[in-house]
Amino acid sequence: SAASAELDRDSAAIDLEKAKALKLNKQLEAYNRSYESEKAQADALQSELESLGSEIESDRSTLDRESQSELDDFNDKVNRYNALLQDVRLANANVNQWADAYNSLLEQVRAQNRLVNQLVDSYNAKLQQSGR
């Protein structure tokens, strides 16, 4: 009965640690969804930036430097490009923060799963020793 009580305690500990692992996995899934959303937004901004950069380069070769309105339009595009570049940098920094948080949580999940596996292995060894 002492062995049975110990196995019951071990089983309860396994259940508790499995519940913690499940909670961490759900958090990890939520982080992954948020990361993917942030990454998609950053990628869209990057694409917009590249398109605007190509447009500026194309305009630069045909720019009539004698036309003030063309110069103003060109400068406005360059200003929009510079502002968008800042947005891209901020978006990428945000994505990197999400990735760091995700990786940290992933390591917690892995550690928790290792703990559960160790507890299960120990439990199984005790079961085998007791002849069950």
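On a predicted model such as this, the values are computed, not experimentally measured, just so you know.

Draft legend 1. Expanded view of the packing of aromatic side chains. Considering all chains together, one arrives at one aromatic pair under this definition. Taking 5.4 Å as the distance between ring centres and 65° as the angle between the ring planes, the aromatic pair formed by Tyr31 and Trp98 counts as edge-to-face. Taken together, the residues Tyr31 in helix H1 (residues 2–62) and Trp98 in helix H2 (residues 68–129) connect sequence positions 67 residues apart. Its relative accessible area of 24% is what places Trp98 among the partly exposed residues.

Draft legend 2. Highlighting the nonpolar core. One finds Leu49, Leu52, Ile56, Leu63, Phe74, Leu84 and Val88 forming the largest nonpolar core, which totals seven residues. Put simply, the parts of the chain that give this core at least two residues each are H1 and H2. Sequence-distant contacts of Leu49, that is, excluding residues within four places in its chain, are made with Tyr81, Leu84, Leu85 and Val88. Counting five residues, the second largest nonpolar core, distinct from the first, contains Leu24, Leu28, Leu105 and Val109.

Conventions adopted
Residues numbered from 1 in each chain as written. Predicted model: local features only at pLDDT ≥ 70, side-chain atom pairs only at ≥ 80, totals over all residues. Heavy atoms only, no water. Phe/Tyr/Trp six-rings, centres within 6.5 Å; stacked < 30°, edge-to-face > 60°. Helix = DSSP H or I, 4+ residues; strand = E, 2+ residues; numbered from the N terminus. Buried < 20%, exposed > 50% of the residue type's maximum accessible area, 1.4 Å probe, protein only. Core = buried A, V, L, I, M, F, W, Y, C linked by side-chain atoms within 4.5 Å. Contact = heavy atoms within 4.5 Å.

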